[in-house]
Amino acid sequence: MMSLYRYSSADYPAKDRVAVMLDVYAAIERVDITLLDDEPPEGECSVRVLPNLSVMNTTCGANTISRRTRRHVGDGKDDFVLCIVTGGAIEFSRDGGEFERYGAGEAYLGRADRPSEHRLPKRSSFLDIVIPRALLEPATRDANETARFKIPATPELRLLQMYGEALTRDIGDVSPQTAARSATH
């Protein structure tokens, strides 16, 4: 069975949204969150958990900075995260380096075993596909090399984005075989 988890700021009073966002998003992503303005955060997040893989579709409604620090890196999580920007723009810094700007349709492969920082403006959205290192490395020529560069918008990336977005919708229960096949795709 494919589990689907959803969060919407609209489900909470404005005064509780910061705490809930920190409990939900920061816990899932294992990051520190800094809000850059005084407005109550708004946004939505849907997470589909598949065998050995998860897909998270997020819309940000607050100017935030998300940091995965050296403290977080010590958690042993060594997944790769393919982040496809689906709306607006995101700035991303790998391991304390320069920020790169990613627009809608572009992507990057992040590494959970390295510090990183994201600048997420209001009305930005993205699709994260979390892939265990043990599954991705044998299937690619050099995942570590790919993780150093911007992935440009292509029809193939758009197809993957559409598939991921479909998985984060409420499509009902599917068989374990279909869940496993979806993860393989």
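Look a little higher up for the structure.
Residues numbered from 1 in each chain as written. Predicted model: local features only at pLDDT ≥ 70, side-chain atom pairs only at ≥ 80, totals over all residues. Heavy atoms only, no water.

Right, let's get into the nonpolar core. If you look at the biggest cluster of nonpolar residues, it comprises 17 residues, and the most contacted ones within it are Ile90, Tyr108 and Phe126. Dropping the residues within four chain positions of it, Tyr108 is found in contact with Val81, Leu82, Cys83, Ile90, Phe92, Arg94, Tyr102, His118 and Ile151. Counting residues in each nonpolar core, the second largest holds 16 residues, with Phe80, Leu82, Leu127 and Ile131 among its members. (Core = buried A, V, L, I, M, F, W, Y, C linked by side-chain atoms within 4.5 Å. Buried < 20%, exposed > 50% of the residue type's maximum accessible area, 1.4 Å probe, protein only. Contact = heavy atoms within 4.5 Å.)

Before going further, it helps to examine the environment of Arg30. Looking at the element boundaries, Arg30 is found in the loop between helix H1 (17-29) and strand S2 (32-35). The sequence separation of Arg30 and Thr168 amounts to 138 residues, and the corresponding C-alpha distance is 20 Å. In contact with Arg30, not counting residues within four places along its chain, are Arg68, His72, Asp75 and Lys77. (Helix = DSSP H or I, 4+ residues; strand = E, 2+ residues; numbered from the N terminus.)

Here the focus is the sheet that holds strand S11 (residues 125-131). Sheet architecture is open: 7 strands sit in the order S1-S3-S4-S11-S6-S9-S12, paired in antiparallel fashion. Unpaired on one side and paired on the other, strand S1 (3-8) and strand S12 (150-151) mark the two borders of the sheet. In terms of strand pairing, strand S3 (residues 43-50) meets strand S4 (residues 53-60) through 8 bridges, oriented antiparallel. Bridge pairing in S4 links Arg48 to Val55. Relative to strand S6 (residues 80-87), helix H5 (residues 155-167) is tilted by about 90°, and along the sheet it contacts S1, S3, S4, S6, strand S9 (107-111), S11 and S12. (Pairing = 2+ DSSP bridges. Axes fitted to C-alpha atoms, helices over the stretch in contact; angles between N-to-C directions.)

With that settled, consider the layout of surface pockets. In this model, the largest pocket occupies a volume close to 340 Å³. Taken together, 19 residues form the lining of the largest pocket, with Leu53, Ser182, Ala183, Thr184 and His185 sitting closest to its centre. When grouped by side-chain class, the residues that make up the lining of the largest pocket number 14 nonpolar, 5 polar and no charged. (1 Å grid on protein atoms, 1.4 Å probe; cavity = no way out; pocket = protein on both sides within 12 Å on 5 of 7 lines; lining within 4 Å. Points joined across faces, edges and corners; volume = space filled by probe spheres on them. Nonpolar A, V, L, I, M, F, W, Y, C, P; charged D, E, K, R; others polar.)

Taking burial as the measure, the 8 residues of S3 include 6 buried ones, the bulk of the element. Note that S1 and S3 share 6 bridges and pair antiparallel. Across the sheet, the residue bridging to Tyr5 is Val47, located in S3.

Next up on the list: the pattern of salt bridges. Summed over all chains, the structure comprises 9 salt bridges. Residue Asp78 is joined to Arg133 by a salt bridge in which the shortest nitrogen-to-oxygen separation is 3.6 Å. Of this pair, Asp78 sits in the loop between helix H2 (70-73) and S6 while Arg133 sits in helix H3 (residues 133-136), and the two are 55 residues apart along the sequence. In this structure Asp78 comes out as partly exposed when scored by relative accessible area, which is 32%. Accessibility expressed as a relative area gives 11% for Arg133, which makes it buried. In this structure, the salt-bridge partner of Arg133 is Asp113, at a minimum N-O distance of 3.1 Å. In this pair, Arg133 is assigned in helix H3 and Asp113 in the loop between S9 and strand S10 (116-120), connecting sequence segments 20 residues apart. Connected via shared salt-bridge partners are Asp78, Arg111, Asp113 and Arg133. (Salt bridge = Lys/Arg side-chain N within 4 Å of Asp/Glu carboxyl O.)

Linking two cysteines covalently via their sulfur atoms produces the bond known as a disulfide. Applying the stated criterion across every chain, the model contains 0 disulfides. As a non-bridged cysteine, Cys45 has Cys60 as the owner of its nearest cysteine sulfur, 9.1 Å distant. No disulfide involves Cys83; its sulfur sits 9.5 Å from that of Cys60, the nearest cysteine. Judged by its relative accessible area of 3%, Cys83 falls in the buried class. (Disulfide = S-S within 2.5 Å.)

Shape is all these values report; function is a separate question.
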